[in-house]
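Each chain, written out:
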Amino acid sequence: MSSFPLVERDEASAAFYDAAARGELLMQRGPSGAVLPPEARTDPDSGSADLEPVVVSGEGTLVSWVVVHQAPLPALAEAVPYVSAVVELAEGPWLMVRLLADDPAGLRAGAQVRARFVPSGSEEEPGEVLPVFEPV
Amino acid sequence: MTGTGLNSAIAGLGLTEMGKVYGRSSTSLAAEAVRLAVADAGLGLGDLDGLLVSAGVKQDVNVNLAAVLGLHDLAVLNQVNAYGATAGVMVAQAAQAIAAGAATTVACVFADTPLKPKQSAGAAWGSGAKRPGAPRNLRGMAGWSVNSGATNPNILYALCARRHMERYGTTSEQLAEIAVAQRAWAVHNPLAQMREPLTVADHQASRWIADPLHLLDCCLVSNGAVAVVVTAADRAASLAQPPVHVWGYGQAHAPRRMHAGSDWGLVTPAGRSGPAAMRMAGIGVDDVDVAELYDCYTYTVLVTLEDYGFCAKGEGGAFVSDGRLAPGGKLACNTGGGQLSSYYMWGFTPLSEAVIQARGDGGVRQAPRNDVVLVSGNGGILEHHSTLVLSPHERGPHERTAA
């Protein structure tokens, strides 16, 4: 089992994982111009459900983080301890992400972070490439 | 308003055995709690014309409970779900149905059986109680979400607590004060699952679940059921128990906004629900004698105290320190031990203890004053909130009794 359990795409997520494989972070943009997380269904500023894909910088800041010691799911049993975080992208949206931090005790709110891309699954059974974050 | 039929009161309370209660379904426990609450009020099941049902983690009790109880002629029947805020929402709905003349006597019941023999409390949550043992779906965007690792309430509440710590300097030792105070109350609660006294050092030494939350920052998981019977205040006065009058209620919902500027985790909908309920009751926060606050985590208590106005935003850590919430402290809070130490029945934990305190039935743990009892419910990840203001006195121009 991997630190990053194997992920399979579906039709709705294909563009997101294709972008990740290219080293790009794909979000959505609504008619108001607001950049929204991939799971958003509505642009809250306009009420519109008409969202288009947009590649963002992958730069952001740390809002909050947790060092997880008790795995919440069997699939994450090999991953503990790990850091889960909320990051605020430069374009505005907040994402719940895995944060690869060598020194969790040194983390502070507001710290600069950036996206990097890691494979899920294992060498024998590779899955989709996943965006994760790391301190700059 | 005094004495009009428009006001409601809680006339009956029923609690089943709670904790590691195995071999019984949620429905069976729910039925027992309703029978106990009705009998406590001095009524019969046939006196009920309303039933509101709340399911917990397992989501396996519903409106079919009416048939199980032989209730074939109801005016009001519904399943209510606002997660941990449900209990307060149910009592408000019952009070509104009574005020509108839609029903006269409404039972509100919660039941849950997430615990199984030889399974840890964490596993009862983490495996997804709906489909135990089934592998988690790692397809599509859900696969990325699972890989974030932030997939259960422990971790999500820990993210909120960390945010508060970073913004305001709140410490784990301050959260420990809440756990220690509540355990000191639980020592005197025969219904409590955890009755051994705790110290701050015990809290600090308890294992990390999701740093900054230790094991002793987290609620229990319990099997059991609780019910209350709500009826018109003037009718309640002639029943078996001293009425617990419903002076005010409020609810507010703020599904989290994941965007720059969001105050998720720092400010909760308690900030709207609490003042609304207190305004309706004609009281201010300084009038509160007993606060029964939803405590899925120690942090939930701290942030609710701030949002209700017991202290300024960011000062919750200092407020809960020096034993303020413990027996003999300045604010009687979670006097049964709460969900951290007594039993985990969602909003029916604070509600049941509020009824006990308002009746003066707390025994050794009875708060010195009980004229105004505040009850909170919190659901989602600090996203849903309900508030009740209860009192042993009829609603109306209030004069406080002498201390």
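Residues numbered from 1 in each chain as written. Chains lettered and ligands numbered in written order. Predicted model: local features only at pLDDT ≥ 70, side-chain atom pairs only at ≥ 80, totals over all residues.

Chain B appears in an unreviewed UniProt entry as Thiolase from Pseudonocardia halophobica.

**Student:** Please explain the overall build of chain B as it appears in this structure.
**Tutor:** Secondary structure summary: chain B contains 14 helices and 12 strands in total. Radius of gyration (C-alpha) of chain B: 20 Å, near the 22 Å computed for a compact globule of 403 residues. Buried positions account for 57% of the 403 residues belonging to chain B. Taking contacts inside chain B between residues at least 6 apart in sequence as the whole, the part at least 24 apart equals 77%. (Helix = DSSP H or I, 4+ residues; strand = E, 2+ residues; numbered from the N terminus. Rg over C-alpha atoms; globule rule 2.2 N^0.38 Å. Buried ≥ 20, exposed ≤ 12 C-beta atoms within 10 Å, placed from the backbone. Contact = placed C-beta atoms within 7 Å.)

**Student:** I keep staring at the sheet that holds strand 2 (residues 50–55) of chain B and nothing clicks. Help me out?
**Tutor:** The strands that make up a sheet pair up through hydrogen bonds in the backbone, lying either parallel or antiparallel. All names here are of chain B. Taken in spatial order, the 10 strands line up as 3-2-4-7-1-8-12-11-9-10 in an open sheet, and their pairing is mixed. A strand with exactly one partner marks an edge of an open sheet, and here the two such strands are strand 3 (76–79) and strand 10 (332–333). The sheet contact formed by strand 4 (residues 105–112) and strand 7 (residues 224–232) spans eight bridges and is antiparallel. Within strand 7, the residue paired with phenylalanine 110 across the bridge is valine 226. Contacts between helix 1 (residues 26–41) and the sheet are confined to strand 1 (8–15), strand 2, strand 4 and strand 7, with strand 1 contributing the most and set at about 130° to the helix. (Pairing = 2+ DSSP bridges. Axes fitted to C-alpha atoms, helices over the stretch in contact; angles between N-to-C directions.)

**Student:** Help me out: how do you make sense of the environment of Val38(B) in this one?
**Tutor:** Residues and elements named next belong to chain B. One can find valine 38 in helix 1. For valine 38, a count of 23 C-beta atoms within 10 Å translates into the label buried. Along the chain, valine 38 and leucine 48 lie 10 residues apart, while their C-alpha atoms are 8.3 Å from each other. Here valine 38 is in contact with Gly12, Leu43, Gly44, Leu45, Leu48, Ala107 and Val229, once residues within four sequence places are set aside.

**Student:** In this structure, what is going on with the pairing of strand 12 (residues 384–391) of chain B? I would like to understand it.
**Tutor:** Residues and elements named next belong to chain B. Within strand 12, eight of the eight residues are buried, which leaves the element mostly enclosed by the surrounding structure. Burial along strand 12 is two-sided: the residues His384, Ser386, Leu388 and Leu390 and His385, Thr387, Val389 and Ser391 are all buried. The pairing of strand 8 (residues 244–253) with strand 12 spans eight bridges and is antiparallel. When the bridges of strand 12 are listed, glutamine 251 appears paired with serine 386. Pairing geometry for strand 11 (residues 373–379) and strand 12, over seven bridges, is antiparallel. Paired with leucine 374 across the two strands is valine 389, which belongs to strand 12.

**Student:** How should I be thinking about the confidence of the model for chain B in this particular structure?
**Tutor:** All names here are of chain B. Of all residues in chain B, 92% attain a pLDDT of 70 or more, and the chain-wide mean is 93. Considering only residues more than four positions removed or in separate chains, one finds that residues 127–135, a stretch of pLDDT under 50, has seven contacts. Here the predicted complex carries an ipTM of 0.97, next to a pTM of 0.95. (pLDDT = per-residue confidence, 0-100.)

**Student:** Looking at this structure, I do not really get the UniProt feature "domain: Thiolase C-terminal" (unreviewed entry) in chain B. What am I missing?
**Tutor:** Per the UniProt record, "domain: Thiolase C-terminal" (unreviewed entry) is annotated on residues 250–391 of chain B. Helix makes up 30% of residues 250–391 of chain B and strand 17%. Its end C-alpha atoms lie 16 Å apart. (UniProt positions renumbered as here; feature names shortened; annotations may be inferred.)

**Student:** Any chance you could explain helix 11 (residues 298–308) of chain B here in plain terms?
**Tutor:** An α-helical turn contains 3.6 residues, so any two residues separated by three or four positions project in the same direction. All names here are of chain B. Summarising burial for helix 11: 11 of the 11 residues are buried, a large majority. Every buried residue of helix 11 is accounted for by Thr298, Tyr299, Thr300, Val301, Leu302, Val303, Thr304, Leu305, Glu306, Asp307 and Tyr308. Tucked into the core, helix 11 has its buried residues touching helix 6 (153–168), helix 7 (172–186), helix 10 (270–281), helix 12 (316–319), helix 13 (338–341) and strand 11.

**Student:** When you look at the sheet that holds strand 3 (residues 52–56) of chain A in this model, what are you seeing that I'm missing?
**Tutor:** Residue and element names in this part refer to chain A. Strand order in the open sheet formed by three strands is 2-1-3, with antiparallel pairing between adjacent strands. Each of the sheet's edge strands pairs with one partner strand only, and the pair in question is strand 2 (35–36) and strand 3. Bridge count between strand 1 (residues 25–29) and strand 2: two bridges; the pairing is antiparallel. Considered in strand 2, the bridge of glutamine 28 is made with leucine 36. This element, helix 1 (residues 14–21), spans strand 1 and strand 3 of the sheet and lies at about 140° to strand 1.

**Student:** Just to check I follow, could you spell out the packing of helix 7 of chain B against helix 11 of chain B for this structure?
**Tutor:** Helix-helix packing is described using two parameters, namely the angle between the two axes and the distance between the axes. All names here are of chain B. At a minimum axis separation of 9 Å, helix 7 and helix 11 run at an interaxial angle of 100°. It follows from the interaxial angle that helix 7 and helix 11 lie roughly perpendicular. Counting all contacts with helix 7, which are made through Leu175, Ile178 and Ala179, the residues of helix 11 involved are Thr298, Tyr299, Val301 and Leu302. The class makeup of the residues in the contact of helix 7 with helix 11 is six nonpolar, one polar and no charged. (Parallel < 35°, antiparallel > 145°, perpendicular 65-115°, else oblique. Nonpolar A, V, L, I, M, F, W, Y, C, P; charged D, E, K, R; others polar.)

**Student:** Help me understand the interface of chain A and chain B, please; the structure alone is not making it clear to me.
**Tutor:** Reports of interface size often rely on the accessible area that becomes lost once the parts have come together. Facing the 41 residues of chain A at the interface are 32 residues of chain B. Among the elements of the structure, strand 4 (59–68), strand 5 (82–89), strand 6 (94–99) and strand 8 (126–135) of chain A are those that each provide at least two residues to the side of chain A that touches chain B. The element that contributes the greatest number of residues to the side of chain A that touches chain B is strand 4 of chain A, accounting for six residues. Relative to strand 5 (residues 208–211) of chain B, strand 4 of chain A runs antiparallel, the two sharing two bridges.

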